[in-house]
Amino acid sequence: MTLRFGPWSVRLAPRALLVGVVLLLVGFLVTVAALATGEFTVPVPDIVGALFGQGTPVAELIVSRLRAPRVVTGLLVGAAFGLSGAIFQSLTRNPLGSPDFIGFTAGASTGGIIAVIAGGSAMVIAGGALAGCVVTAALVYALAYRGGVAGYRLVLVGIGANALLLAVNSYLLTRANINDAATAAAWLTGSLTGRGWDHAGPVALALLVLVPLCAAIARPLRMIEMGDDAAKAMGIPVETVRALAITAGVLLSGVATAAAGPVAFVALAAPQLARRLTRSAGVTMGASALMGAVLLTAADLAAQRVLAPTQLPVGVLTAAIGGTYLVLLLRKDRH
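Heads up: these notes are all about the structure in this document.

Considerations on the overall build of the chain
Here comes step 1: When you go through the chain residue by residue, the secondary structure sums to 13 helices and two strands.
Here comes step 2: The C-alpha atoms of the chain give 20 Å as radius of gyration, which agrees with the globular expectation for 335 residues (20 Å, within 12%).
Here comes step 3: Across its three principal axes, the chain shows a C-alpha extent of roughly 65 × 55 × 40 Å.
Here comes step 4: A burial count over the chain gives 48% of its 335 residues as buried.
Here comes step 5: Sequence separation of 24 or more characterises 72% of the internal contacts of the chain that already satisfy a separation of 6 or more.
Here comes step 6: Charged side chains in the chain number 22 positive and 12 negative. The centres of these two groups are separated by 10 Å.

Encoded structure:
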């Protein structure tokens, strides 16, 4: 199905469109559940009133000031991770080609740890994480560049950088004082606890700027998945598209990590789950972003409720789910 708007056209796959609608519905239900449940249950009508500034003072405090910023941050961060993972898996043509494995998340963690040890505030830590992600990406790209950046070379260099940075992170934690080490360890787990509108804002701004860019390069990326020679034969500026895609993926991963810490496996699992649901030949960016938002928000809801009143960092749950998913993925590929 193709929609035409003058000289522009958008091709929509019916199954992918259906999956997108279902994910939106699931995301809406998870959001309502996250806003309504907790130590104090808030009825749905009171949630609506609180969001529009017409609820009771208690409902407005719980919903608008405490729960809504956390939920919105989770949705935005999950979408950013999902979209970033889709970009890198498409570029590398590898289901393991996500920021978690090619060093960008580890680089963001290094920047965050250095900011913690330096005594930085929450905003300084977020800035350090973003800077660490960008610097790592620049180094990986430079080391992988040989007249171009082949997907397999990017993965291999990224895996090496990831191992090196994990060692650096461990060293920094052992050299920090006990309080800084505890703070850094908590941040490294990945959590949405205490997140406010000041955390959601930068991620929303990044998505507002980068989603149109991702939409513009989505089709050329699909062509590049068939091979550089085939893409060049069809007039695709391969290296330009690849550079734009890496820039978008790095910034999305960086701002997401800055907002919630290095939440594990969302960028890895969301694109592959979306691909299986849509039965697409390649990675689908829109479905991956929606899947990431649903996964992270649902995981955070479960982390708060499963062992209530004890609340787990969302990174603990995503790591458990993602590790299980990775084992199943590798087992399936073995056959």
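Notes on the packing of helix 4 (residues 104–117) against helix 5 (residues 122–144)
Here comes step 1: Axis separation between helix 4 and helix 5 bottoms out at 6 Å; the angle between their running directions is 140°. The pairing of helix 4 with helix 5 is recorded here as oblique in orientation. Here helix 4 and helix 5 pass one another in a crossing that is right-handed. Between helix 4 and helix 5, the contacting residues are F104, G107, A108, G111, G112, A115 and V116 on the first element and V124, I125, G128, A129, G132, C133, T136, A137 and V140 on the second.
Here comes step 2: Residue classes in the contact of helix 4 with helix 5 are distributed as 10 nonpolar, six polar and no charged.

Concerning the packing of aromatic side chains
Here comes step 1: Across all of its chains, the model carries two aromatic pairs by this definition.
Here comes step 2: When the centroid spacing of 6.0 Å and the interplanar angle of 35° are considered together, the rings of Y141 and Y145 count as tilted.
Here comes step 3: Given a relative accessible area of 24%, Y141 falls into the partly exposed group.
Here comes step 4: Note on Y145: relative accessible area 38%, which makes it partly exposed.

A look at the nonpolar core
Here comes step 1: By size, the foremost hydrophobic cluster in this structure holds 64 residues, and its most contacted members are V77, I87, F104, L221 and L252.
Here comes step 2: Top contributing element to this core by residue count: helix 10 (residues 238–260), with 12 residues.
Here comes step 3: When near neighbours in sequence (up to four residues on either side) are disregarded, I87 contacts C214, A245, A248, G249, L252 and M285.
Here comes step 4: One finds V30, L35, V42 and V63 within the second-largest nonpolar core, a separate group that totals 13 residues.

Quick notes on helix 12 (residues 285–305)
Residues spaced three or four apart along an α-helix point in a common direction, a consequence of the helix completing one turn every 3.6 residues.
Here comes step 1: The end-to-end C-alpha separation of helix 12 is 30 Å, in line with the 30 Å expected for 21 residues at 1.5 Å each.
Here comes step 2: The buried fraction of helix 12 is high, at 15 of 21 residues.

Comments concerning the side chain of T284
Here comes step 1: Counting through the fold element by element, T284 comes out in the loop between helix 11 (266–278) and helix 12.
Here comes step 2: T284 gets classed as buried once you look at its relative accessible area, which sits at 15%.
Here comes step 3: Setting aside chain neighbours within four positions, we find T284 in contact with A274 and T278.

Concerning the pattern of salt bridges
When charged atoms on two side chains of opposite charge get close, those side chains can pair.
Here comes step 1: This model, assessed by the stated rule, comprises two salt bridges.
Here comes step 2: Taking the shortest distance from any N to any O, the salt bridge between R70 and D300 comes out at 2.9 Å. Pair noted here: R70 is in helix 3 (residues 57–92) and D300 is in helix 12, with a separation of 230 residues, a long-range link.
Here comes step 3: The buried category is assigned to R70, whose relative accessible area is 10%.
Here comes step 4: Residue D300 is classed as buried on the basis of its relative accessible area, which comes to 5%.
Here comes step 5: Taking the shortest distance from any N to any O, the salt bridge between E239 and R242 comes out at 2.8 Å. Of this pair, E239 and R242 both sit in helix 10, three residues apart, which is roughly one turn of the helix.
Here comes step 6: On the basis of relative accessible area, R242 is assigned to the buried category, the value being 2%.

Cut-offs applied
- Residues numbered from 1 in each chain as written.
- Predicted model: local features only at pLDDT ≥ 70, side-chain atom pairs only at ≥ 80, totals over all residues.
- Heavy atoms only, no water.
- Helix = DSSP H or I, 4+ residues; strand = E, 2+ residues; numbered from the N terminus.
- Rg over C-alpha atoms; globule rule 2.2 N^0.38 Å.
- Buried < 20%, exposed > 50% of the residue type's maximum accessible area, 1.4 Å probe, protein only.
- Contact = heavy atoms within 4.5 Å.
- Lys, Arg positive; Asp, Glu negative; His and termini not counted.
- Charge placed at Lys NZ, Arg CZ, Asp CG, Glu CD.
- Axes fitted to C-alpha atoms, helices over the stretch in contact; angles between N-to-C directions.
- Parallel < 35°, antiparallel > 145°, perpendicular 65-115°, else oblique.
- Left-handed = near helix turned anticlockwise from the far one by under 90°.
- Nonpolar A, V, L, I, M, F, W, Y, C, P; charged D, E, K, R; others polar.
- Phe/Tyr/Trp six-rings, centres within 6.5 Å; stacked < 30°, edge-to-face > 60°.
- Core = buried A, V, L, I, M, F, W, Y, C linked by side-chain atoms within 4.5 Å.
- Expected span 1.5 Å × (residues − 1).
- Salt bridge = Lys/Arg side-chain N within 4 Å of Asp/Glu carboxyl O.

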